[in-house]
Amino acid sequence: MRPYSRNILRSVAAWLMLVSIVATQARAATSSDQPLPLGHARPSAATVQAWKDRKFGMFIHFGLFSVPGGMWKSRRVDNGYSEQIAANGNMPMAEYAALANTFDPEKFDPDAIVALAKEAGMKFIVLTAKHHDGFNMFRTAQTPYNIVDATPYKRDVVKLLADACARAGMPFGVYYSTIDWHHPGGNTYIEGNSNPITPAQADFNVAQIRELMSRYGPIAEIWFDMGKPTPAQSARFADTVHALQPQAMVSGRVWNYQGDFTVMGDNAEPDVAVEEPWQSPASIFPKTWGYRSWEHRDDLPGKIRENIARLVRVVSAGGNYILNIGPRGDGSVVPYEADVLRGVGQWLLVNGAAIYGTSAQPFGALDFGYATVGRHTLYLFVDRLPADGWLHLPGVVDSRFDAGHLLGDSSQRTAAVHVDASGASVDVHSLNLTPRADRFMPVIAVPFTGDLHVRPVAVNPSSDGRVQLEAQHAEHFLNYNGYGYEDPSTLYKLRWFAGLRGDHYKLTVHYIGAEKPARLDLVVDGQRQTLLLEAGKGQHLVYETDIQRNRHVQPYAMQIELTPVEPFHKGDRLPVAVESVETR
């Protein structure tokens, strides 16, 4: 190893380099390139896989905020989500709390809601047990501000729905806001809901988490939300869950990287690969999650298509999609929202095999739409039919296909698959892909035998044999759900593929120096070595080392990754700004 810089490393840095070399030589080629979870016990691999396989679920935002429905004293409150009207409506908290005196959701029918979720093709349900307003939809010993003690309804809504889910075999989860505008010392609204959690409020939250985890049967997931807890508070909340429900999945919005699954922003989808389990939360109307009486509910077919398309995008990227409904104050489901769900469910009756239990597409962007991979079937979602009538799958190699067919088509027509040097192409001329109401984004199922192999998009050498890999063109892997909702995602891994045919190369890392020497790991075809990068704040520096191919691990192109030093954990990030990597 030889760094190309005029600065001379201090003796301590040289010592660290020696230590890193020894550690590198001791590592196996199969070392992990993914972040490990933080300290405490986590759900089993089987639980995580079952959670990932569900793909589509129901979110329910129902609470005291459902009573005003986005109205306050005969005026519309349109500055923010309607479930946050207690903060957005410029009202005394005592007046808002008084709504409990008339909160009587007699039309809340938990069995009908579970039946609706099933009709929609949803595989799990999550209900708001407590939102930011602090009103509890379950009986709690911590405060009388709950639906059993403070309303004429006198029934525990969380228990009613949990029991209905249990009867129907539907996994059930709860949403829990760690901020609480009704709690003493925690009732100050902060823009972005990034409230620090006081010690007293943290104790209150833990007591309620214990109630939720011990009284309502198995909890599939707990959807923490908002606030800005300390790392110790986040760990305490997650540990409290797992002590009572070891297999409950904790959402990333417990913050400080303590979740069991990552949560995207509201109505957001990732634009980079996500390696850990993740979920995209969506509302039928982006401007509210809770019931809004004056919402414009039009173009039902368009809204159904919008949510089918979002479901497909999320699942093809490897995530789960949770779609929200906001019942009225009387507990009834808005008919328009029920019709949207039923429309998605009708599509899933035909195409569900391409959604449930599948994995993300192994391709980059496809010119016709999206794909998922089943156990022995490749599913192709046709969003835009190419003019030539062929669905092109770049990079497919060493794979055996049978003829494809259109899901839901009883005509027995098939689509031939051709494989050449550029990849695979599916001939859909014979299939009836004419758009119609029940055939939005039709799906072609293409069976394959053995494994599906896709050659990654690689950068090929220039005429002088060099490969220049720019950081901006690498695949970026990010840490999400850090120190609060407004905390930006951070980079923990860069990945490139290089089209190199030889076995041995020199590799140079170009980076911007930090104040202190930094270490990062270079992983080439699964073989890891630690690089010690010298200091030089703001300077453009380079580091050179020897690398070699391992074609058993990556037969089609050399895979090059930069990560934190192993073992690294969720939240760890690359210690320097990498500009490029060059091989020769």
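Residues numbered from 1 in each chain as written. Predicted model: local features only at pLDDT ≥ 70, side-chain atom pairs only at ≥ 80, totals over all residues. Heavy atoms only, no water.

With that settled, consider the layout of surface pockets. Of the voids in this model, the second largest pocket is the one considered here, and its volume is about 390 Å³. Here the lining of the second largest pocket takes 4 residues from helix 2 (residues 45–54), the largest share from any one element. Split by residue class, the lining of the second largest pocket holds 8 nonpolar, 3 polar and 6 charged. (1 Å grid on protein atoms, 1.4 Å probe; cavity = no way out; pocket = protein on both sides within 12 Å on 5 of 7 lines; lining within 4 Å. Points joined across faces, edges and corners; volume = space filled by probe spheres on them. Helix = DSSP H or I, 4+ residues; strand = E, 2+ residues; numbered from the N terminus. Nonpolar A, V, L, I, M, F, W, Y, C, P; charged D, E, K, R; others polar.)

Let us now look at the sheet that holds strand 8 (residues 249–250). Read across the open sheet, the 8 strands follow the order 8-7-6-5-2-11-10-9; overall the sheet is parallel. Looking at the sheet topology across the chains shown, the edges are occupied by strand 8 and strand 9 (262–263). As defined by bridge partners, strand 10 (residues 278–283) adjoins strand 11 (residues 320–325) across 5 bridges and the pair is classed as parallel. Bridge assignment links A282 to a residue of strand 11, and that residue is L323. Along the sheet face, helix 7 (residues 199–214) touches strand 5 (125–130), strand 6 (172–177) and strand 7 (221–225) and points at about 170° away from the line of strand 6. (Pairing = 2+ DSSP bridges. Contact = heavy atoms within 4.5 Å. Axes fitted to C-alpha atoms, helices over the stretch in contact; angles between N-to-C directions.)

Our next topic: the pattern of salt bridges. Counted by the stated rule, this structure contains 33 salt bridges. A salt bridge links R167 to D111; the nearest nitrogen and oxygen atoms lie 2.9 Å apart. Of this pair, R167 sits in helix 6 (residues 157–168) while D111 sits in helix 5 (residues 110–119), and the two are 56 residues apart along the sequence. We classify R167 as exposed; its relative accessible area is 56%. Through salt bridges with shared partners, a single network forms among D33, E275, E475, K493, R495 and E561. (Salt bridge = Lys/Arg side-chain N within 4 Å of Asp/Glu carboxyl O. Buried < 20%, exposed > 50% of the residue type's maximum accessible area, 1.4 Å probe, protein only.)

All right, on to the packing of helix 7 against helix 8 (residues 231–244) then. In the contact formed by helix 7 and helix 8, the axes pass within 9 Å of each other and the chain directions differ by 20°. For the element pair helix 7 / helix 8, the angle class is roughly parallel. Between helix 7 and helix 8 lies a crossing whose hand is right-handed. Between helix 7 and helix 8, the residues in contact are A202, D203, N205, V206, I209, R210 and M213 and Q233, R236, F237, T240, V241 and L244, respectively. Looking at the contact of helix 7 with helix 8, its residues break down into 7 nonpolar, 3 polar and 3 charged. (Parallel < 35°, antiparallel > 145°, perpendicular 65-115°, else oblique. Left-handed = near helix turned anticlockwise from the far one by under 90°.)

We now examine the nonpolar core. Within the largest apolar cluster, 99 residues are counted, with the highest numbers of intra-cluster contacts made by M58, V158, L161 and F381. In this view, L161 contacts I60, F108, P110, I113, V114, I125, L127 and F172; residues no more than four positions away in its chain are not counted. Counting residues in each nonpolar core, the second largest holds 28 residues, with L533, L574, V576 and V581 among its members. (Core = buried A, V, L, I, M, F, W, Y, C linked by side-chain atoms within 4.5 Å.)

For the rest of this paragraph, the subject is helix 2. Along helix 2, the residues classified as buried are T47, W51 and R54. For helix 2, the angular spread of the buried residues around the axis is 60°, confining them to a single face. Seen from the buried face of helix 2, the exposed residues on the opposite side, beyond 90 degrees, are A45 and A46. The elements touched by buried residues of helix 2 are strand 2 (56–60), strand 7, strand 8, strand 10 and strand 11. Phi turns positive, to about 70°, at K55, one or two residues after helix 2. (Arc of directions from axis to C-beta.)

Another point: the pairing of strand 20 (residues 443–449). Counted residue by residue, strand 20 has 5 buried out of 7 residues, so it is predominantly covered. Two strands pair when backbone bridges link them, and strand 16 (residues 400–401) and strand 20 are joined in this way by 2 bridges, in the antiparallel orientation. Following the sheet pairing, R400 is matched in strand 20 by T449.

Let's shift gears to the sheet that holds strand 25 (residues 518–524). Taking strand neighbours across the sheet as the criterion, the 5 strands line up as 22-23-28-25-26 in an open arrangement whose pairing is antiparallel. In this open sheet, the two strands that pair with only one neighbour each are strand 22 (475–479) and strand 26 (527–533). Across the sheet, the mean angle from the axis of one strand to that of its neighbour is 20°, orientation sign disregarded. With 4 bridges connecting them, strand 25 and strand 28 (residues 558–563) associate as antiparallel partners. Residue pairing across strands places L522 opposite L562, the latter belonging to strand 28.

What follows is about the packing of aromatic side chains. The full count for this structure, using the stated rule, is 19 aromatic pairs. A ring pair is formed by W255 and Y485, whose centres lie 6.5 Å apart and whose planes are at 80°; its orientation type is edge-to-face. Placement of W255 in the loop between strand 8 and strand 9 and of Y485 in the loop between strand 22 and strand 23 (490–498) is noted, with a sequence separation of 230 residues between them. For Y485, a relative accessible area of 35% gives the class partly exposed. On the basis of an interplanar angle of 25° and a centroid distance of 6.3 Å, the ring pair of W347 and F381 is categorised as stacked. Taken together, the residues W347 in helix 10 (residues 335–351) and F381 in strand 14 (residues 377–382) connect sequence positions 34 residues apart. The residues W347 and F381 share a single accessibility class, namely buried. An aromatic cluster of at least three residues, connected via ring pairs, comprises F59, Y81, Y175, W223 and W289. Between the NZ or CZ atom of K123 and the centre of the ring of Y356, over which it lies, the distance is 4.5 Å. One cation-aromatic arrangement involves K130 over Y176; the distance from NZ or CZ to the ring centre is 4.6 Å. (Phe/Tyr/Trp six-rings, centres within 6.5 Å; stacked < 30°, edge-to-face > 60°. Lys NZ or Arg CZ within 6 Å of the ring centre and 35° of its normal.)

Function cannot be inferred from these measures alone, as they are strictly geometric.
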